[in-house]
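One letter stands for each residue in the lines below.
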Amino acid sequence: MNELNDQINQIKNQFFDQLQETRTEAELFQVEKNFLGKKSGPVTQLLKKLSELPPEERPKWGQSVNELKKLLELELAQKRQNLVNTDEPQLWWDYTLDKFAVGRGHWHPISLVLKDMVNFFASMGFEVAQGPEVETEFYNFDALNIPSNHPARDVWDTFYLKTGEVLRTHTSSVQIRTLMQRTPPLRVISPGRCFRYEEVDATHLAVFNQMEGLMIDKNICLSDLKGILHKAIEFIFGNSLKTRFRPAFYPFVEPGLDLDCQCIFCGGSGCSVCKQTGWIELIPCGMVHPNVIRNCGHDPEVYRGFAFGMGFDRIVMLRYGINDMRLLYKGDLNVLSQF
Ligand SMILES: [Zn+2]
């Protein structure tokens, strides 16, 4: 056992010598490793010798080594505390380390355009209306002049739930909810997520954003719709974007129109994004069908108005020159940090 005491004293002396010269955290780690290292530290070596000793000597040996270990740990902790509290911070802080880069957050391009659109339509007297994403067939189809046996219903590849409800295929359902609850005149926009069983490609997604607009009053006509949409396009894209209206069929409007804009990617000469047509379909719209107004409990002889449904993601693509809609939803910071 005398041999053990000699060894312990030797370790202590070496330890305190090294500890006294320690000035930085890195040096302190090295001292800790030198003496308490699990592989080759002297304390570990002493513990390993335990198995070679006669059984009667083992408890005393084990106790002495454990006491040594506790002492060293205590001294190391004390020294670490002293280093933190020292008046000479340069001993503690390593100023050559790189600073941690803290990135700033960004608005998502969809949120940016949404904010602009809401501001624009608010300036025209529109308010924001919202509705549920899980809808009944009545709000999503029937009330919009699309009864269940109507062939037009196939146009919307719909997700049906086991409950018989649907994931809304457009925000036009909010148009119905608003018209049923309120008495015209009214002006609302309803941005929100919509769902269709679509094959996903550069310009189609199964989950996408749409913004419905609705204006109902006694003397609304097609020129009001054209004027407001032209102003909206001008507001989002500036004057440079060419647009055109062309007739289209949607069961809930009569007459129905599509507002197209000239393809910004090819300037109208034809490319894969515009499917070689030079035009991109942007806003389906039209005068609200008399049946829809009647279904919502109002007299179509008194009230009329227009509705439009903007494919919101498409507007974001065109505004920022993004040629693949999927980029908007990948959460890729290389893309998002540009906004
Ligand atoms: Zn094009």
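For the structure, check the block above.
Residues numbered from 1 in each chain as written. Predicted model: local features only at pLDDT ≥ 70, side-chain atom pairs only at ≥ 80, totals over all residues. Heavy atoms only, no water.

A.B. asks: Sorry, what's going on with the packing of aromatic side chains here?
C.D. replies: Two aromatic rings, taken as a pair, are described by how far apart their centres are and by the angle between their planes. By the definition in use, this model includes 11 aromatic pairs. Aromatic side chains Phe159 and Tyr197 sit 5.7 Å apart centroid to centroid with 85 degrees between the ring planes, which places their arrangement in the edge-to-face category. Taken as a pair, Phe159 in the loop between helix H6 (137-140) and strand E3 (166-167) and Tyr197 in the loop between strand E4 (186-195) and strand E5 (207-217) lie far apart in primary sequence, 38 residues in all. Look at Phe159 and you get partly exposed, because its relative accessible area is 27%. Among the aromatic residues, ring-to-ring pairing joins Phe120, Phe121, Phe126, Phe235, Phe306 and Phe308 into one connected group. Over the ring of Trp107 we find Lys115; its NZ or CZ atom is 4.4 Å from the centre of that ring. Across from the ring centre of Tyr139, 4.0 Å away, lies the NZ or CZ of Arg177, which sits over that ring. (Phe/Tyr/Trp six-rings, centres within 6.5 Å; stacked < 30°, edge-to-face > 60°. Helix = DSSP H or I, 4+ residues; strand = E, 2+ residues; numbered from the N terminus. Buried < 20%, exposed > 50% of the residue type's maximum accessible area, 1.4 Å probe, protein only. Lys NZ or Arg CZ within 6 Å of the ring centre and 35° of its normal.)

A.B. asks: Looking at this structure, how should I read the environment of Phe126?
C.D. replies: Positionally, Phe126 belongs in the loop between helix H5 (109-123) and strand E1 (127-128). The exposure class of Phe126 is buried, given its relative accessible area of 5%. Sequence-distant contacts of Phe126, defined by excluding residues within four places in its chain, comprise Phe121, Arg187, Val188, Ile189, Leu214, Met215, Ile228 and Phe306. (Contact = heavy atoms within 4.5 Å.)

A.B. asks: Looking at this structure, how should I read the coordination of the zinc ion?
C.D. replies: Four donors placed tetrahedrally about a metal ideally form angles of 109.5 degrees, and six donors placed octahedrally ideally form angles of 90 or 180 degrees. Looking at the zinc ion, one finds its protein donor set to be Cys263 (SG), Cys266 (SG), Cys271 (SG) and Cys274 (SG), positioned 2.2 to 2.3 Å from the metal centre. In this structure, the zinc ion is surrounded by four donor atoms whose angles at the metal cover 101 to 116 degrees, and the resulting shape is tetrahedral. The sequence pattern formed by the donor residues of the zinc ion is C-x2-C-x4-C-x2-C. Taking relative accessible area as the criterion, Cys266 reaches 18% and is therefore assigned buried. (Donors = N, O, S within 2.8 Å, 3.2 Å for Na, K, Ca; no water. Tetrahedral: all angles 85-135°; square planar, octahedral: opposite > 155°, others 65-115°.)

A.B. asks: Could you clarify how one ought to interpret the state of the cysteines in this entry?
C.D. replies: By definition, a disulfide links the sulfur atoms of two cysteines through a covalent bond. Enumeration over the complete set of coordinates arrives at zero disulfides. Cys296 takes part in no disulfide bond, and the closest cysteine sulfur, belonging to Cys194, lies 17 Å away. (Disulfide = S-S within 2.5 Å.)

A.B. asks: Just to check I follow, could you spell out the nonpolar core for this structure?
C.D. replies: A general tendency of soluble globular proteins is for nonpolar side chains to be buried together. Ranked by size, the top nonpolar core spans 43 residues in total, and within it Phe121, Phe306, Phe308 and Met310 carry the most contacts. Looking at this core, the elements with two or more residues in it are H5, E5, helix H8 (222-237), strand E7 (253-262), strand E8 (279-288), strand E9 (304-311) and helix H10 (312-320). Of all the elements, H8 adds the most residues to this core, at seven residues. Setting aside chain neighbours within four positions, we find Met310 in contact with Met117, Phe121, Asn209, Gln210, Met211, Leu229, Ala232, Leu282, Ile283 and Ile315. Judged by nonpolar contacts, the second largest core, of 22 residues, contains Leu179, Ile293, Cys296 and Ala307. (Core = buried A, V, L, I, M, F, W, Y, C linked by side-chain atoms within 4.5 Å.)

A.B. asks: What's the story with the packing of H5 against H10 in this structure? I'm lost.
C.D. replies: Relative orientation and spacing of two packed helices are given, respectively, by the angle between their axes and the distance between those axes. Running from amino to carboxyl end, H5 crosses H10 at an angle of 100 degrees, the nearest separation of the two axes being 10 Å. The orientation of H5 with respect to H10, classified from their angle, is roughly perpendicular. Residue-level inspection shows Pro109, Ile110, Leu112, Val113, Leu114, Asp116 and Met117 of H5 in contact with H10, the latter providing Phe312, Asp313, Ile315, Val316, Arg319 and Tyr320. Looking at side-chain class alone, the contact of H5 with H10 contains 10 nonpolar, no polar and three charged residues. (Axes fitted to C-alpha atoms, helices over the stretch in contact; angles between N-to-C directions. Parallel < 35°, antiparallel > 145°, perpendicular 65-115°, else oblique. Nonpolar A, V, L, I, M, F, W, Y, C, P; charged D, E, K, R; others polar.)

A.B. asks: In this structure, what is going on with the sheet that holds E7? I would like to understand it.
C.D. replies: Judged by pairing direction, the sheet is mixed, and its seven strands sit side by side in the order E1-E4-E5-E9-E8-E7-E6 without closing on themselves. The sheet is open, and its two borders are formed by E1 and strand E6 (243-248), each paired with just one other strand. Direction of pairing for E7 relative to E8: antiparallel, over a ladder of eight bridges. Along E8, the bridge assignment pairs Gly256 with Gly286. Of the strands in this sheet, E4, E5, E8 and E9 are in contact with helix H7 (residues 172-181), which crosses E5 at around 35 degrees. (Pairing = 2+ DSSP bridges.)

A.B. asks: For this particular structure, what's the right way to read helix H2 (residues 25-36)?
C.D. replies: An α-helix turns once per 3.6 residues; consequently, residues spaced three or four apart project the same way. In this model, H2 (12 residues) spans 16 Å end to end at C-alpha, consistent with the 16 Å of a helix rising 1.5 Å per residue. The set of residues buried in H2 consists of Leu28, Val31, Phe35 and Leu36. Buried residues of H2, viewed axially, fall in a sector of 95 degrees; they line one side. Of the residues in H2, the exposed ones pointing more than 90 degrees away from the buried face are Ala26 and Lys33. Along its buried surface, H2 packs onto helix H1 (2-21), helix H3 (42-48) and helix H4 (58-85). (Expected span 1.5 Å × (residues − 1). Arc of directions from axis to C-beta.)

A.B. asks: Which parts of the structure should I look at to understand the packing of H1 against H4?
C.D. replies: With their axes 11 Å apart at the nearest point, H1 and H4 run at an angle of 5 degrees to one another. Judged on the interaxial angle alone, H4 and H1 are roughly parallel. Facing Leu4, Ile8, Ile11, Lys12, Phe15, Phe16, Leu19 and Gln20 of H1, the residues of H4 in contact are Trp61, Ser64, Val65, Leu68, Leu71, Leu72, Glu75, Leu76 and Lys79. Of the residues belonging to the contact of H1 with H4, the class tally is 12 nonpolar, two polar and three charged.

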